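Reading the structure
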Amino acid sequence: MNKFTLSALALSVSAILVGCNDGSGFTSTQSEAEQSTQVTPAAGESALRNMSQDKGAEIEAVLAEGVTSPDGEQVGNLIDGNHSSKFLAFDKKATVIFKAAKAAALQKYHFVSANDEPKRDPKNWVVYGSNDKQEWVEIDSRANEAFTGRAELKAYELEGEQAAYQYFKFDLEHGGTDSYGADITQLAELELIVIAEAPIVSFGASNLTPEVGELVVFEDTSLVNPTSWQWTFEGGTPATSTERKPLVRFNELGAKTVTLVAKNDKGESELVKTDFIRVWDPASPWAGFPKPTVTFTKNKPEHPGQAVLERVMPDLESEIHRISELIAKRLFNNVTEINVFESVEFITDEYDFPAAKGGTDKNMQLMFDLNHIANLEGKGDQAIRDEIIGVLWHELTHGYQNVPNSGAYIQGTDYHSYLEGMANFIRLEAGYLDRVREGRSWLADVNDDAYNQTSLFLEWVVNTNRNIDFMKAFNASAKTIPEWSFEAAFEQIFGENRGLNVVLGEYQAYLKSLGIVPPNPTPVEGYSNILQLEGVSMITNATHLGPYGDVPENTFDNSVYTPFTGVIEAPWFIEQYTPHQLPINEIDAVEVDFALANEETVSQYSIAMSDKNEIRWPTSWQVFGSNNGETWTLIDEQTFTGIPELLTTYTYELEKPVDVQHVRFSFKNERQGDGIGGDNGRLVQIGEIAIWTQD
């Protein structure tokens, strides 16, 4: 049983600044999260609040034996005030029990859908109340509910007068097996709405970006009739106030935190807004830049890699500070616009990966594998230093870049491609990712390869539009466009007649001028690929790496850059990251069965290698034909010795053409050596399959 206690201050939901001038002279600074948890009442009604954010609130998950939640997706995320995090359980059902700070009568509750796979959303559920966690009273139930999108908030009101309870239990059942064949239940946020007794704290200010010494007027805008106030102003004069509408000056540059405790006869509530005020000097727009705090955690201080790191990076803290400021200046116009990045913990240990980022974008953990650093020793100190600095450029960008107002971090989406494409562009522009240019390839969609091809596309856009600062405008668009997308951003920057498709078309023309053409399988003159006709479907007998993007449909998506990977022997990372895929299907060969809309005459076929993982290429295969999908006839077989060439199409002619409506490929990978078998897994990867019929 996992149990979490919410230690955040009551109603301190978010410190992200969003400007909205209402004409009163004050700037509203409520975030979307705050607005969803503080409900303004209609005439004659009581104010409502979200008690999930109360100090001392607790939540736990009661799961079936053997059922777990992955690291970073545990039940505490349901009440963290963050719609981007989620709770996930590897089961079709999950029970969640919320303990309120004190008994309250629930008026309604909110569910917020998580970032992926709609069938993982709760579909059916029952809600109970209790005051002893032993006897439960049903207070609501829902069936066949459905969300229309990701990160969608749905409200469920309770009918009639409600009794007060301290415990609320939610028995959740998911919407069905997801597209990866897994039974998973997930939810981003649970908000429990009750009638407010103590004040619901909110406040505004006449100017969020004053100059040094400039007067700022603050005003309490709390609900539920506060009668006294206690303000605290970081670096302010005065530093505290008990007025409802205090006047304050700030005499030092930088971001300032403001705190308000509001009281009435029923109690008190506190709201802390970090970095609420940005004091700056227009004549020196980057003065007072807040450097992130840097700490170091050496889990294996005697490891040879630690000595290498300290030798080549004796100035690591100052380098983090230098790069941070350069990134901020690249993405923003002055210090008042930036997202304040608070801390970096640099962790060294032995990992299964060279480097990775943890924590949050505001309080980041950077993990480096000491074995990876030690293994670079032979390349020279400068190469090791460049590798570490390159990672810093990419990861620290995530601490500063604006995040789109809509979407979720899912590979293959505009949201993901924006974040990772921009971070790798920043690294590329800084001179620490030149190798990406050597692998420039066709870009059919900005979401095909965010880290490499999208970053190169962004570099091209920047270099061909020197009359504007495209990257600053692109970064700003994530904050100003409510439903963000590449298309919306490009239209905002370049105008409605020059959206993404137009600019991408210009880039594709540039690629063709370099001799880079679309990544279709190499065509066979006088033949057509019948897998590109309407009505083709396919199935496979193999567990596959669909959660990593290598889905079966990639075998005939007309792009060799999007491979399909089938599993014969499970690699270590499935157990660690997608354990719901276990146990894998036990097979000797990965079968891919195509069903055609009509009977066709097959003369040749092609199998194309993708741009990576040559050792996953099959060592032999058989091809079968059928007209009913049940009785199969062998029509070809091949053995492939050696290692294939990347991005190469291999075409084979049948001994004689056959008329079939079903075609089966049965692939084996019996290769031996490093990187295959055992913990590395035995995998079959195909970039693309084509089946040719004579025109």
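Since the model is a prediction, treat every value here as computed from it, not as a measurement.

What counts as what
- Residues numbered from 1 in each chain as written.
- Predicted model: local features only at pLDDT ≥ 70, side-chain atom pairs only at ≥ 80, totals over all residues.
- Heavy atoms only, no water.
- Helix = DSSP H or I, 4+ residues; strand = E, 2+ residues; numbered from the N terminus.
- Rg over C-alpha atoms; globule rule 2.2 N^0.38 Å.
- Buried < 20%, exposed > 50% of the residue type's maximum accessible area, 1.4 Å probe, protein only.
- Contact = heavy atoms within 4.5 Å.
- Areas by Shrake-Rupley, 256 points an atom, 1.4 Å probe, with all protein chains shown as cover.
- Expected span 1.5 Å × (residues − 1).
- pLDDT = per-residue confidence, 0-100.
- Phe/Tyr/Trp six-rings, centres within 6.5 Å; stacked < 30°, edge-to-face > 60°.
- Lys NZ or Arg CZ within 6 Å of the ring centre and 35° of its normal.
- Axes fitted to C-alpha atoms, helices over the stretch in contact; angles between N-to-C directions.
- Parallel < 35°, antiparallel > 145°, perpendicular 65-115°, else oblique.
- Nonpolar A, V, L, I, M, F, W, Y, C, P; charged D, E, K, R; others polar.
- Salt bridge = Lys/Arg side-chain N within 4 Å of Asp/Glu carboxyl O.
- Pairing = 2+ DSSP bridges.
- Left-handed = near helix turned anticlockwise from the far one by under 90°.
- Core = buried A, V, L, I, M, F, W, Y, C linked by side-chain atoms within 4.5 Å.

Scanning the chain for helices and strands turns up twelve helices and 34 strands. The C-alpha atoms of the chain give a radius of gyration of 29 Å, which matches the 26 Å a tight globule of 695 residues would have. Taken over the C-alpha atoms alone, the chain extends approximately 90 × 65 × 60 Å along its principal axes. Taken over 695 residues, the chain has a buried fraction of 52%. Considering only residue pairs separated by 6 or more positions, the chain has 72% of its internal contacts joining residues 24 or more positions apart. Just so you have it, the chain exposes about 30,900 Å², and 46% of that area is on carbon and sulfur atoms.

Right, let's get into helix α3 (residues 316-331). Taking 1.5 Å of rise per residue, the 16 residues of α3 would be expected to cover 22 Å, and the 23 Å separating its terminal C-alpha atoms lies within 8% of that figure. The complete set of buried residues in α3 reads Leu-316, Glu-319, Ile-320, His-321, Ile-323, Ser-324, Ile-327, Ala-328, Arg-330 and Leu-331. In this fold, the buried residues of α3 make contact with β21 (293-298), β22 (343-349), α5 (381-400), α6 (414-429), α8 (450-463) and α9 (470-480).

Let's shift gears to the confidence of the model for the chain. For the chain, the average pLDDT comes to 90, and 93% of its residues sit at 70 or higher. Across residues 1-38, confidence stays below pLDDT 50; counting only partners more than four residues off in sequence or on other chains, it has 105 contacts. Below pLDDT 50 for its whole length, residues 40-45 participates in four contacts with residues either more than four positions away or in separate chains.

Along the polypeptide, Asn-529 turns up in strand β25 (residues 527-529). The contacts of Asn-529, once residues within four sequence positions are left out, are Ile-689, Ala-690, Ile-691 and Trp-692.

Below, the discussion takes up the packing of aromatic side chains. Scanning the entire structure with this criterion turns up 53 aromatic pairs. Measuring from ring centre to ring centre gives 5.9 Å for Phe-218 and Trp-231, while their planes differ by 55 degrees; the resulting arrangement is tilted. A residue pair is termed long-range when its members are at least 10 positions apart, and Phe-218 in strand β14 (residues 215-220) and Trp-231 in strand β15 (residues 228-233) qualify at 13 residues. Exposure class is identical for Phe-218 and Trp-231. Each is buried. With 5.8 Å between their ring centres and 85 degrees between their planes, Trp-572 and Phe-573 make a pair best called edge-to-face. Site record: aromatic cluster; members linked through ring pairs are Tyr-418, Phe-457, Trp-460, Phe-470, Phe-474, Trp-484, Phe-486, Phe-490, Phe-494, Tyr-507 and Tyr-510. Just above the ring of Phe-494 sits the side chain of Arg-498; from NZ or CZ to the centre is 4.8 Å.

Further remarks concern α6. Under the 1.5 Å per step criterion, the end-to-end length of α6 is 21 Å for 16 residues, consistent within 8% with the ideal 22 Å. Counted residue by residue, α6 has 14 buried out of 16 residues, so it is predominantly covered. In the stretch just after α6, Gly-431 is the one whose phi turns positive, near 95 degrees.

At a minimum axis separation of 8 Å, helix α10 (residues 486-494) and helix α11 (residues 500-513) run at an interaxial angle of 90 degrees. One element, α10, and the other, α11, form an angle in the roughly perpendicular class. Judged by residue contacts, Phe-486, Glu-487, Phe-490 and Phe-494 of α10 engage Leu-500, Asn-501 and Val-503 from α11. Taken together, the residues of the contact of α10 with α11 sort by class into five nonpolar, one polar and one charged.

Tallied over the entire structure, the rule returns 31 salt bridges. Linking Asp-140 and Arg-142 is a salt bridge whose minimum nitrogen-to-oxygen distance equals 2.9 Å. The residue Asp-349 makes a salt bridge to Lys-300 at a minimum N-O spacing of 2.9 Å. Linking Asp-349 in strand β22 with Lys-300 in the loop between β21 and α2 (304-312), this pair joins segments that are 49 residues apart in sequence. Here Asp-349 falls in the buried class, since its relative accessible area comes to 15%. A single network of salt bridges, built from pairs that share partners, joins Glu-73, Lys-86, Asp-116, Arg-120 and Asp-178.

Turning our attention to the pairing of strand β12 (residues 189-195). Of all the seven residues making up β12, six are buried; the element is thus mostly covered by neighbouring parts of the structure. In terms of strand pairing, strand β3 (residues 48-50) meets β12 through three bridges, oriented antiparallel. Its bridge partner being in β12, Arg-49 is matched across the sheet by Val-194. Two elements, strand β6 (residues 93-112) and β12, share six bridges in a ladder whose sense is antiparallel.

Moving on to the packing of α6 against α8. Where α6 meets α8, the axes come as close as 8 Å, and the angle between the chain directions of the two elements is 65 degrees. The pairing of α6 with α8 is recorded here as roughly perpendicular in orientation. Here the hand of the crossing between α6 and α8 comes out right-handed. On α8, the residues touching His-416, Ser-417, Glu-420, Gly-421, Met-422, Asn-424, Phe-425, Leu-428 and Glu-429 of α6 are Ala-450, Tyr-451, Asn-452, Thr-454, Ser-455, Leu-456, Leu-458, Glu-459 and Val-462. Across the contact of α6 with α8, the residue classes break down as eight nonpolar, seven polar and three charged.

Now for unusual backbone geometry. Pro-238 follows Thr-237 through a cis peptide bond whose omega is 0 degrees. Within the secondary structure, Pro-238 sits in the loop between β16 (236-237) and β17 (240-241). One non-glycine residue, Ala-151, lies in the positive phi region at around 55 degrees. Mapping Ala-151 onto the fold places it in the loop between β8 (137-142) and β9 (153-157). Residue classification places Ala-151 among the partly exposed residues on the basis of a relative accessible area of 39%.

Next up on the list: the nonpolar core. Generally speaking, a soluble globular protein has its nonpolar side chains buried in company with each other. Membership of the largest hydrophobic core comes to 68 residues, with the highest contact counts inside it found for Phe-457, Phe-470, Met-471, Phe-474, Phe-486 and Phe-490. Among the elements that line this core, the one with the most residues is α5, at eight residues. By size, the runner-up hydrophobic cluster in this structure holds 34 residues, among which are Tyr-605, Trp-617, Val-623 and Leu-654.

One open sheet accounts for four strands, arranged β21-β22-β24-β23; its pairing is mixed. Both edges of this open sheet fall to β21 and β23 (355-359), since each of them pairs with a single strand only. With strand direction ignored, the average angle separating the axes of adjacent strands in the sheet is 20 degrees. Here seven bridges tie β22 to strand β24 (residues 363-369), and the two strands are oriented parallel to one another. When the sheet's bridge partners are listed, Thr-348 is paired in β24 with Phe-368. The sheet strands contacting α3 are β21 and β22, and the helix crosses β21 at an angle near 140 degrees.

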